[in-house]
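Architecture and fold: a report
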Amino acid sequence: MRRRALREEPLIFERNQLRTLRQGVLLPSLDVADIEPTAVLPPDLVRDDVPLWPDLGELEVVQHFHRLSQLNYAVDEGLYPLGSCTMKYNPRINERTARLTGFADLHPLQPDDQVQGALALMWELEEALKTLTGMAGVTLQPAAGAHGELAGILMIRRALEERGERREVVLVPDSAHGTNPATAAFAGYRAVEMPSGPEGTVGLDTLDRMMTDEVAAIMLTVPNTLGVFEHRIVQIAELVHRRGGYLYMDGANLNAFVGRALPGRMGADAMHINLHKTFSTPHGGGGPGAGPVAVSEALLPHLPVPRVERTDDGRFRMLWDDPSSIGALRGYFGNFLVLVRALTYIRAMGADGLRAMSDVAVLYANLVRHRLRKAYHLKFDAPSLHEVVFDDNRQAVRDVHNTDIAKRLLDYGFHPPTMSFPLIVHGALMIEPTESAPPEEVEAFCDAMLSIAREAEENPELVKTAPHTTPVRRVDEVRAARQLKTRWTPD
Ligand SMILES: Cc1ncc(COP(=O)(O)O)c(C=O)c1O
């Protein structure tokens, strides 16, 4: 068992009712004139009531939050095989570089000559991403993968406008991440779903039929969310280009082939990279990410501003204006400290390390596939890259479903896989071990999954009522979704 016993305790804001008058902070006495709040603030923003601060000493606060953190599961604790999320380890050296004062304490309005190191870092990261993708240019601005998708599709829209074309449709395969159709709609297009063929990939006949002169772009995830590589990608790109469209490649799964293949050579026009997946960063829980976009020559003029430039004397400057650019996508330069972590990771791994990384990611996914395939059903039995998608078909005959399997995994001390996605696999269990876990951990996860498959046969009730060992048992998910309460208020 991984955890010690956990205690029930009130929230920190409920503790203040004890009125112990303990204090966590001693403020220095006021040595300037005391000002009435209404003298400096608009009266309607001044409140009379005293907030209910908890009366707690520092140690109590530290212990409370430390105990709460123990209720959580983290990459630093064990395998986190959440498919499509690439929950890899964030090496500590990333944190050391991100904390260097020369990076951490910068202000985005500092003049270029005071932040040459930061600009050099961004330039180097762009160059590294160009090398790793084989594309002509990169923007580091987007704050996440979905934001990168928007940047890419807006650049495609702009390129079409320059050609005097509008086009209305973006094609999105049915295996795509939900952000793809949402992006197309957000950028003003109609997202039209393309059915996958029997191997889970895009069929050339289907594309030929659907790729009309109304189609601005196809958004293709490579490898797709089934973990299957679009092996006809070059023919797909040729067909799309022949009909005047663009190939948007969702590169969120770059971890599967970085260092082994170049999207630029496959014919991609734009591709986002989730730095917070492939190039590590503390991930999950909604922390900041970064979704740089790499583009082909065709879209180069439309990259967002500001853009970092290297001048002839080897110095760096920010370019803020460019009439052919789609403009700025967010304030300033992106989530800069995520960029610091990504370049640290790339440099620490080196070219050989990055190649080994994707090799091991693919090896582990295939290890899981090989060990579990007799116990769990595989709807699409094509070769896997970085992840493998099983379903609960075999267990469903005993009324055990993917949620039950995921909950039972918690009893074995593992984070569950992604469930019910992609939508084309009913009862999906999508497993992405990533390369960063030790092999014994991947084997232990497989042992747990096999043991659960046996339990589903012999004692289905045990699985259906899981988890049994966690501090919070099975939650009422429908009620949690319908009666969402995210803010504590006093009674
Ligand atoms: C295939 C794919 N596309 C797009 C995204 C969206 O990325 P983000 O969550 O950073 O917006 C993800 C997220 O993991 C993904 O797996």
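Parameters at a glance
Residues numbered from 1 in each chain as written. Predicted model: local features only at pLDDT ≥ 70, side-chain atom pairs only at ≥ 80, totals over all residues. Heavy atoms only, no water. Pairing = 2+ DSSP bridges. Helix = DSSP H or I, 4+ residues; strand = E, 2+ residues; numbered from the N terminus. Axes fitted to C-alpha atoms, helices over the stretch in contact; angles between N-to-C directions. Contact = heavy atoms within 4.5 Å. Patch = residues over 30% accessible without salt bridge, like charges linked within 9 Å, V, L, I, M, F, W, Y side chains within 5 Å. Areas by Shrake-Rupley, 256 points an atom, 1.4 Å probe, with all protein chains shown as cover. Salt bridge = Lys/Arg side-chain N within 4 Å of Asp/Glu carboxyl O. Buried < 20%, exposed > 50% of the residue type's maximum accessible area, 1.4 Å probe, protein only. Right-handed = clockwise from strand over helix to strand, strands pointing away. Core = buried A, V, L, I, M, F, W, Y, C linked by side-chain atoms within 4.5 Å. Domains from an automatic or database assignment. Buried area = accessible area lost by both parts, 1.4 Å probe. Polar contact = N/O pair within 3.5 Å; in protein donor to acceptor, adjacent residues only side chain to side chain. Nonpolar A, V, L, I, M, F, W, Y, C, P; charged D, E, K, R; others polar. Near = heavy atom within 4 Å. Parallel < 35°, antiparallel > 145°, perpendicular 65-115°, else oblique. Left-handed = near helix turned anticlockwise from the far one by under 90°.

**Observations concerning the sheet that holds strand E4 (residues 215-221)**
Spatially, E1-E7-E6-E5-E4-E2-E3 is the arrangement adopted by the seven strands of the open sheet, whose pairing is mixed. Lying at the two open borders of the sheet, with one neighbouring strand each, are strand E1 (137-139) and strand E3 (190-194). Averaged over neighbouring strand pairs, the angle between their axes works out to 25° when direction is ignored. Strand direction decides the pairing type here: strand E5 (residues 246-250) and strand E6 (residues 270-272), joined by three bridges, are parallel. Its bridge partner lying in E6, methionine 249 is registered against methionine 271. Along the sheet, helix H10 (residues 233-242) makes contact with E4 and E5, crossing E5 at roughly 140°.

**Examining a nonpolar patch on the surface**
Together, Ile35, Val40 and Leu41 line one region of the surface with nonpolar side chains, adding up to about 290 Å² of accessible area. A relative accessible area of 42% means that leucine 41 is categorised as partly exposed.

**Quick notes on the pairing of E3**
Where strand E2 (residues 169-173) meets E3, five bridges bridge the pair, whose relative direction is parallel. Opposite valine 169, over in E3, you have arginine 190 as the bridge partner. Each parallel crossover has a hand, and the one from E2 via helix H8 (residues 179-186) to E3 is right-handed.

**Regarding the nonpolar core**
In this structure, Leu125, Leu129, Leu171, Leu207, Leu275, Phe279 and Leu339 are the most contacted members of the largest nonpolar core, which totals 59 residues. Elements with a minimum of two residues in this core: helix H6 (116-133), E2, helix H9 (204-210), E4, H10, E5, strand E9 (316-319) and helix H13 (336-372). When residues no more than four places from it in sequence are discounted, the contact partners of leucine 129 are Val138, Leu140, Ile273, Leu275, Phe279, Pro292 and Ile346. Core analysis: the next-biggest nonpolar cluster, separate from the first, contains 29 residues, Leu79, Met87, Val388 and Met449 among them.

**Observations concerning the sheet that holds strand E13 (residues 428-431)**
Strands sit in the order E10-E11-E13-E12 across an open sheet of four strands; the sheet is antiparallel. Looking along the sheet, the strands with just one partner apiece sit at the ends: strand E10 (377-378) and strand E12 (418-419). Bridging between E10 and strand E11 (residues 388-391) involves two bridges; their strand directions are antiparallel. Its bridge partner being in E11, leucine 378 is matched across the sheet by phenylalanine 390. This element, H13, spans E10, E11 and E13 of the sheet and lies at about 25° to E11.

**Considering the domain arrangement of the protein**
Examined at the domain level, the protein breaks down into domain 1 (12-69), domain 2 (93-347) and domain 3 (351-477). The centre of domain 2, based on its C-alpha atoms, is set 30 Å off from the matching centre of domain 3. Of the roughly 1,900 Å² buried at the junction of domain 2 and domain 3 (both faces included), carbon and sulfur atoms supply 63%. Contact with domain 3 buries area across many residues of domain 2, yet Leu226, Asn255 and Arg260 alone supply 29% of it, more than any other trio. Along the contact surface separating domain 2 from domain 3 lie one salt bridge. Counting across the domain 2 and domain 3 interface gives four residue pairs in polar contact (both at pLDDT 80 or more). A class-by-class count of the residues in the side of domain 2 that touches domain 3 yields 13 nonpolar, 13 polar and three charged.

**Looking at the pattern of salt bridges**
Pairing is possible between side chains that carry opposite charge, provided their charged atoms lie close to one another. Applying the stated rule across the entire model yields 28 salt bridges. Here arginine 92 ties to aspartate 76 by a salt bridge, and the two come within 2.4 Å at their closest N and O atoms. With arginine 92 in helix H4 (residues 92-98) and aspartate 76 in the loop between helix H3 (58-69) and H4, this pair connects stretches of sequence that are 16 residues apart. In this structure aspartate 76 comes out as exposed when scored by relative accessible area, which is 53%. In this structure, glutamate 477 and lysine 407 form a salt bridge, with 3.1 Å as the shortest nitrogen-oxygen distance. Note that glutamate 477 is positioned in helix H18 (residues 477-482) and lysine 407 in helix H15 (residues 402-411), a separation of 70 residues in sequence. For glutamate 477, a relative accessible area of 46% puts it in the partly exposed group. Note on lysine 407: relative accessible area 14%, which makes it buried. Three or more residues are tied together by salt bridges with common partners; here these are Arg163, Glu165 and Arg167.

**Comments concerning the site of the ligand**
Near the ligand lie 14 residues; those nearest to it are Ser84, Gly145, Ala146, Asp250 and His276. Serine 84 is positioned with one of its side-chain polar atoms (N or O) 2.8 Å from an oxygen atom of the ligand. Taking histidine 276, its side chain carries an N or O atom lying 2.8 Å from an oxygen atom of the ligand. Starting from 390 Å² of accessible surface for the ligand in isolation, the protein chains cover 86%. Put simply, the parts of the chain that give the shell around the ligand at least two residues each are helix H7 (145-162) and helix H12 (275-278). Tallying contributions element by element places H7 first for the shell around the ligand, with three residues.

**As for the pairing of E13**
The side-chain alternation of E13 yields two buried faces, one formed by Ala428 and Met430 and the other by Leu429 and Ile431. Of the pairings in the sheet, the one linking E11 to E13 comprises four bridges and is antiparallel in character. Across the sheet, valine 388 pairs through a bridge with isoleucine 431, a residue of E13. Of the pairings in the sheet, the one linking E12 to E13 comprises two bridges and is antiparallel in character. Note on E13: the bridge partner recorded for threonine 418 is methionine 430.

**Structural notes on the packing of H15 against helix H16 (residues 439-458)**
Here H15 crosses H16 at 125°, and the two axes come no closer than 10 Å. If you check the angle between H15 and H16, you find them oblique. Seen along the crossing, H15 lies across H16 with a hand that is right-handed. Residues Ile405, Arg408 and Leu409 of H15 pack against Phe445, Ala448, Met449, Ile452 and Glu455 of H16. Of the residues assigned to the contact of H15 with H16, the class counts are six nonpolar, no polar and two charged.

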